[in-house]
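Per-entry structural report
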Protein chains: 2
Amino acid sequence: MKKYAVIVAGGSGSRMGTAVPKQFLLLQGRPVLWYTLNTFLSAYEDLVVVLVVPGSHREAAQAVVAQMGAPERIRVAEGGVTRFDSVRNGLALVEEESVIAVHDGVRCLASVELVRRCFAEAGKMGSAIPVVDCKDSVRWIEGEGSRAMDRSRVKLVQTPQTFLGRLLLPAYRAEYHAGFTDEATVVEAAGHPVHLIEGEVNNIKITLAADLVLAGELISAARGTGG
Amino acid sequence: MKKYAVIVAGGSGSRMGTAVPKQFLLLQGRPVLWYTLNTFLSAYEDLVVVLVVPGSHREAAQAVVAQMGAPERIRVAEGGVTRFDSVRNGLALVEEESVIAVHDGVRCLASVELVRRCFAEAGKMGSAIPVVDCKDSVRWIEGEGSRAMDRSRVKLVQTPQTFLGRLLLPAYRAEYHAGFTDEATVVEAAGHPVHLIEGEVNNIKITLAADLVLAGELISAARGTGG
């Protein structure tokens, strides 16, 4: 079965306080997005990447693609207004008889091992959604007040959210609604329960300057080159 | 009104994979706990710290106290089996006519500004619980399945959790039960709703090796000395 990774790199960088969108910031001399693409290209030799970027960042994205070992395995699609639109645009470039991972471009620390586990589990179970425990106490806002939640039942959701193409593609033919906050919610709305698997604590989203610092350190450590 | 900070430094370091408990690991040459103590001692000249440590770490804790600028403002209490027990032991050393912050020893990146806001708000409102938004999607485990939660209503809870002594001390006279996962839940069980305030994204709990790396970088950056 074919394997695709739809990588959504649509952020504008506003939370970071930087002019350059976060997926193009440099980590040890390479853009954040380079690491993300490299992980998926390394996971399977026959995997095809669909990179979804806003038109305004297409040139920057093409420059990253040109740095990759296998640029011919990367297709570029246009980002939309919502994440749902962006993913749908990416899915227009894939076949239904497939397994498809949808991933945040700024989660550059996901491991090859996690990607492979997601594909293997989605192939068997229909879907694979990586989640991790929450190490802080959690509260739920209710009106003016709040109440403590049982933290052991709360899971933080990561990507790659991975699905059989024959579940994911039909689900994305739905009309957008505000409850579609990630791919799992879209597939659930189409009537398919999703399958959770264990994610990785280091698989963080680079959204703040501090995240970038951490990612740089972890990449250095993985290379064994020190800080 | 008197000001106290009960700092709970009870962890055994098991999640870190290190022999040294995480509150004693070095960051830029100083123990994690040093930074935590220093922040509270710096916030107010008249604040008294009650440091709660397990008997097995008392000597290590005393060594850190000896490094502080104002060791005479630090009292040491014995840790208990649960966090509830540890906090209660710490509260035995404070007066009721006071404002009391309870803080995780391994949250060494809380700012002086956050500490002051907690005391000011708790003085006015009775309590101040710092919380931050959750940037990942969130799911709630239900039986074999799970469902998406509205992330905008989920808050991640930090410390210092700060209270008027006349609310906190009577609340800790209760019998322990499993729902007491932090100080806010104890005070709520005594019939007092808690007041949430904005926390800080960098105010992380050092529980994994990656957190220590990040904390080191942030402390370097704050000092302007680079990595």
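Going by the structure above, here's the rest.
Residues numbered from 1 in each chain as written. Chains lettered and ligands numbered in written order. Predicted model: local features only at pLDDT ≥ 70, side-chain atom pairs only at ≥ 80, totals over all residues. Heavy atoms only, no water.

On to the pattern of salt bridges, then. Per the counting criterion, the structure on display carries 28 salt bridges over all chains. A salt bridge links B:Asp211 to A:Lys135; its shortest N-O distance comes to 2.8 Å. Separated into two different chains, B:Asp211 in helix H7 (residues 209–223) and A:Lys135 in the loop between strand E7 (127–133) and strand E8 (137–142) make up a pair that spans both. A relative accessible area of 22% means that A:Lys135 is categorised as partly exposed. (Salt bridge = Lys/Arg side-chain N within 4 Å of Asp/Glu carboxyl O. Helix = DSSP H or I, 4+ residues; strand = E, 2+ residues; numbered from the N terminus. Buried < 20%, exposed > 50% of the residue type's maximum accessible area, 1.4 Å probe, protein only.)

Space inside the largest pocket adds up to approximately 1200 Å³. Along its surface, the largest pocket is lined by 46 residues, and A:Lys135, A:Asp136, A:Ile204, B:Asp136 and B:Ile204 are the ones closest to its centre. When residues of the lining of the largest pocket are traced back to their parent elements, those giving at least two are E7 and helix H7 (209–223) of chain A together with strand E7 (127–133) and H7 of chain B. Of the residues forming the lining of the largest pocket, the biggest block, 4 residues, is contributed by H7(A). The residue makeup of the lining of the largest pocket, split by class, is 17 nonpolar, 10 polar and 19 charged. Approximately 990 Å³ is the volume attributed to the second largest pocket. Considering the residues around the second largest pocket, the lining is formed by 48 residues, among which A:Arg151, B:Arg83, B:Asp104, B:Thr181 and B:Lys205 are closest to the centre. Elements represented by at least two residues in the lining of the second largest pocket include exactly E8 of chain A together with helix H3 (83–91) and helix H6 (183–189) of chain B. The class makeup of the residues in the lining of the second largest pocket is 16 nonpolar, 18 polar and 14 charged. (1 Å grid on protein atoms, 1.4 Å probe; cavity = no way out; pocket = protein on both sides within 12 Å on 5 of 7 lines; lining within 4 Å. Points joined across faces, edges and corners; volume = space filled by probe spheres on them. Nonpolar A, V, L, I, M, F, W, Y, C, P; charged D, E, K, R; others polar.)

Across all of its chains, the model carries 1 cavity of 30 Å³ or more by this definition. Looking at the largest cavity, its volume works out to about 30 Å³. Lining the largest cavity are A:Val157, A:Thr181, A:Asp182, A:Thr185, B:Ser137, B:Val138, B:Arg139, B:Ala148 and B:Met149. The biggest single contributor to the lining of the largest cavity is strand E8 (residues 137–142) of chain B, with 3 residues. Residue classes in the lining of the largest cavity are distributed as 4 nonpolar, 3 polar and 2 charged.

This part takes up the packing of helix H1 (residues 32–43) of chain A against helix H4 (residues 112–125) of chain A. Residue and element names in this part refer to chain A. It is at 9 Å that the axes of H1 and H4 come closest, and there the two elements cross at 55°. In terms of axis orientation, H1 runs oblique to H4. Note on packing geometry: the crossing formed by H1 with H4 is right-handed. Residue-level inspection shows Thr39, Phe40, Ser42 and Ala43 of H1 in contact with H4, the latter providing Val112, Val115 and Arg116. (Axes fitted to C-alpha atoms, helices over the stretch in contact; angles between N-to-C directions. Parallel < 35°, antiparallel > 145°, perpendicular 65-115°, else oblique. Left-handed = near helix turned anticlockwise from the far one by under 90°. Contact = heavy atoms within 4.5 Å.)

Under the fitted operation, chain A is carried onto chain B by 0.0 Å of movement along the axis and a turn of 180°, and the coordinates agree to an RMSD of 0.0 Å. Both copies are brought into coincidence by an operation consistent with a two-fold rotation axis. No C-alpha of chain A lies nearer the rotation axis than that of A:Leu214, which sits 2.5 Å from it. When the interface residues of chain A are mapped onto chain B, 100% of them again lie at the interface, so the same face is used by both copies. (Least-squares fit on C-alpha atoms with pLDDT ≥ 70 in both.)

This brings us to unusual backbone geometry. Residues and elements named next belong to chain A. Across the junction of Thr159 and Pro160, the peptide omega takes the value 5°, indicating a cis bond. Positionally, Pro160 belongs in the loop between strand E10 (154–157) and strand E11 (161–164). The backbone of Gln28 sits at a positive phi, close to 50°, despite the residue not being glycine. Relative to the elements of secondary structure, Gln28 occurs in the loop between strand E2 (26–27) and strand E3 (30–31). For Gln28, a relative accessible area of 37% translates into the label partly exposed.

This part is about the pairing of strand E1 (residues 2–8) of chain B. Looking down a regular strand, the side chains alternate between one sheet face and the other. Residues and elements named next belong to chain B. In terms of burial, E1 is a largely internal element, 6 of the 7 residues being buried. Two strands pair when backbone bridges link them, and E1 and strand E6 (residues 98–104) are joined in this way by 7 bridges, in the parallel orientation. When the bridges of E6 are listed, Val8 appears paired with Asp104. (Pairing = 2+ DSSP bridges.)

This part is about the side chain of A:Glu183. Along the chain, A:Glu183 falls in helix H6 (residues 183–189). Discounting chain neighbours no more than four positions away, the residues touching A:Glu183 are A:Arg83, A:Val87, A:Val102, A:Gln161, A:Phe163 and A:Tyr172.

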